[in-house]
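Chain and residue survey
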Amino acid sequence: MSINRQLLLARRPENRVSIDHFDVVEAPPPPVEDGEVLVRTRFLSVDPTNRVWMKDVPQYMPPVAIGEVMRSGGLGEVIESRLDGFARGDLVFGMTGWQDYAALKPGGALGLAKVPTLPGITPEKFLGICGPNGVTAWAGMIDVARVGEGDVVIVTAAAGSVGSAAGQIARLKGARVVGIAGGPAKAAKLVSDFGFDAGIDYRADDFADQLKAATPRGADVLFENVGGAIMEACTARLNPRARIALCGMISIYNGGGSARHDWSVMLAKRLRVEGFNLIDCGPIWAQAVRDLSGWLAAGQIRDEETIVDGLEQAPEALNMLFDGTNVGKLLVRVS
Ligand SMILES: NC(=O)c1ccc[n+]([C@@H]2O[C@H](COP(=O)([O-])OP(=O)(O)OC[C@H]3O[C@@H](n4cnc5c(N)ncnc54)[C@H](OP(=O)(O)O)[C@@H]3O)[C@@H](O)[C@H]2O)c1
């Protein structure tokens, strides 16, 4: 008899997340209704938004309720299908949640989709560079920032999953790209491994001077993942009529930090600031995945993954996004 381990949100974290914020329960796998598939989770996608979903604050989706299975994107194998077009053994992605088994149906935020089979691309890439994170980078850089030949682009949280993809997309479109990351090793990696033109450590005492030196004629695009003081330093380097693709503000998700910003700079420089969200990306999804998988297969972009083993490690793994101990896409391997 299969057991479904589930992590139910028991209390809302103030800052760091631990297993103590969850009740770990064991239940039978859920029944499968007509129009659903039963999925056994293989990988969980660990995302900054998991942390936001734990908070009882206004956001783009309802917060996870106390007592509810922690919401999460994931990838798994169909164990039983009562849905046309899906069969036992298919690999799919959708909102599995932090549990071993989920009954999923099409629709909703991440929907339910078969993982494409493409030569040289492992299934878990469709949770990262060829999935939500890559699509976010594509949407922000191409649709929102409309990056083009000769643009100077700054990317924050640039060694992460979205940031590393965003910077590489901008370079493919002919831009000069400056990435910002925490620590000298990550800053160097932006250039050596992800092909950025410059990498800057935001923890360095002379961060603002280094940023100025890397953008001698200012910058035309800011792909913003962090917010706060780092965003202010980057905004100071923007040229008149530059564009900010506002993707995320990870510096405020875990408690502390400030989202306040000096809007007079936006006005004086006539900046175009546009927030965007993956949940609106349905119309561009297929095109973005086609581009990203093609670039990846052709070796024009690269990605990295940080994999943590064990469902019950998911809360601690989430902290890695805020400690900066992940490089590229952070996944939890469940089975
Ligand atoms: N708009 C959307 O639809 C959408 C979709 C997906 C993700 N996002 C956003 O994209 C951003 C990146 O997400 P991701 O999944 O790709 O995560 P990620 O970049 O792989 O991991 C997060 C990284 O953020 C950096 N970081 C954490 N706290 C920080 C702080 N206080 N100051 C500066 N840097 C900090 C860390 O890198 P360092 O070691 O460099 O500090 C960490 O590795 C997040 O803001 C997320 O909310 C938005």
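How each quantity is defined
- Starting afresh in each chain, residues are numbered from 1 along the sequence in its written order.
- Per-residue local features are limited, in this predicted model, to residues with pLDDT of at least 70; the limit for side-chain atom pairs, both in listing and counting, is 80 or more; totals at the level of whole chains, interfaces and linings are taken over all residues.
- With hydrogens and water excluded, all non-hydrogen atoms of the structure serve as input to the side-chain values.
- Numbering of helices and strands starts at the N terminus; helices are DSSP runs of H or I of at least 4 residues and strands are runs of E of at least 2.
- Between the two quantities, the radius of gyration covers C-alpha atoms and the globule rule is 2.2 Å times the number of residues to the power 0.38.
- Each residue's exposure class comes from its accessible area (1.4 Å probe, protein chains only) as a fraction of the maximum for that residue type: buried when under 20%, exposed when over 50%, partly exposed otherwise.
- Contacts are residue-level and defined by heavy atoms, with any inter-residue pair within 4.5 Å sufficient.
- Here, Shrake-Rupley sampling with a 1.4 Å probe gives the accessible areas, and only protein chains in the shown set may cover a residue.
- Here Asp and Glu are counted as negative and Lys and Arg as positive; His is not counted, and neither are the chain ends.
- Charged side chains are reduced to one point each, which is NZ for Lys, CZ for Arg, CG for Asp and CD for Glu.
- We call a residue near a given molecule or strand whenever any one of its heavy atoms falls within 4 Å of it.
- In protein, a polar contact means a hydrogen-donor-capable atom and an acceptor-capable atom, both N or O and within 3.5 Å, with residues adjacent in sequence counting only if both atoms are side-chain atoms; elsewhere, any N or O pair within 3.5 Å suffices.
- Note that Gly is not counted as nonpolar here; it falls among the polar residues with everything else outside the nonpolar set of Ala, Val, Leu, Ile, Met, Phe, Trp, Tyr, Cys and Pro and the charged set of Asp, Glu, Lys and Arg.
- For the purposes of this description, domain bounds are those given by an automatic or database domain assignment.
- Accessible area that two parts lose when put together, with a 1.4 Å probe and added across both, is what the buried area reports.
- Think of a salt bridge as a Lys or Arg side-chain nitrogen and an Asp or Glu carboxyl oxygen that are within 4 Å of each other.
- Two strands form a pair only when DSSP identifies at least two bridges running between them.
- Orienting the strands away from the viewer, one traces the path from the first strand over the helix to the second; a clockwise path indicates a right-handed crossover.

Structural notes on the overall build of the protein
A tally of helices and strands in the protein yields nine helices and 15 strands. At 20 Å, the protein has a C-alpha radius of gyration in line with the 20 Å of a compact globule built from 335 residues. C-alpha extents for the protein along the principal axes are approximately 65 × 45 × 35 Å. In the protein, buried positions account for 53% of the 335 residues. Taking contacts inside the protein between residues at least 6 apart in sequence as the whole, the part at least 24 apart equals 65%. For the protein, the exposed surface amounts to about 14,300 Å²; the carbon and sulfur share of it is 52%. Here the protein contributes 34 positive and 39 negative side-chain charges, whose respective centroids are spaced 5 Å apart.

What about the site of the ligand?
Residues in close proximity to the ligand total 28 residues, the closest being G182, K186, Y202, L278 and N326. Within the side chain of Y202, an N or O atom sits 2.5 Å from an oxygen atom of the ligand. Considered on its own, the ligand offers 910 Å² of accessible surface; in the complex 90% of this is hidden by protein. Along the lines of polarity and charge, the residues of the shell around the ligand split into 15 nonpolar, 12 polar and one charged. Both of domain 1 (4-128 + 303-333) and domain 2 (132-279) provide at least three residues apiece to the shell around the ligand.

A closer look at the domain arrangement of the protein
Each assigned domain of the protein is listed here: domain 1 (4-128 + 303-333) and domain 2 (132-279). Facing the 23 residues of domain 1 at the interface are 18 residues of domain 2. Summing both sides of the interface, domain 1 and domain 2 together bury roughly 1,600 Å²; the carbon and sulfur share of this comes to 56%. Our enumeration of links across domain 1 and domain 2 arrives at one salt bridge.

Section: the pattern of salt bridges
By the definition in use, this model includes 16 salt bridges. The closest approach of N and O atoms between D100 and R5, which form a salt bridge, is 2.9 Å. With D100 in the loop between β5 (91-94) and β6 (101-104) and R5 in strand β1 (residues 4-9), the pair connects residues that are 95 residues apart, well separated along the chain. Of the charged contacts, one joins E312 and R5 as a salt bridge, the two residues approaching to 3.7 Å between their closest N and O atoms. Here R5 lies in strand β1 and E312 lies in the loop between β14 (305-309) and α9 (314-323), a separation of 307 residues in the sequence. Residue classification places R5 among the partly exposed positions, given a relative accessible area of 22%. One network of salt bridges, with partners in common, ties together K189, D193, R302 and E304.

Examining the pairing of strand β11 (residues 219-224)
Summarising burial for β11: six of the six residues are buried, a large majority. Direction of pairing for strand β8 (residues 152-155) relative to β11: parallel, over a ladder of three bridges. Within β11, the residue paired with I154 across the bridge is L222. Handedness of the crossover is the feature at issue here: the chain leaves β11, passes through helix α6 (residues 228-235), returns alongside strand β12 (residues 238-246), and the resulting connection is right-handed.

Regarding the side chain of N50
Within the secondary structure layout, N50 lies in helix α1 (residues 48-53). Beyond its immediate stretch of four places on either side in the chain, N50 contacts S45, M70, R71, S72 and L318.

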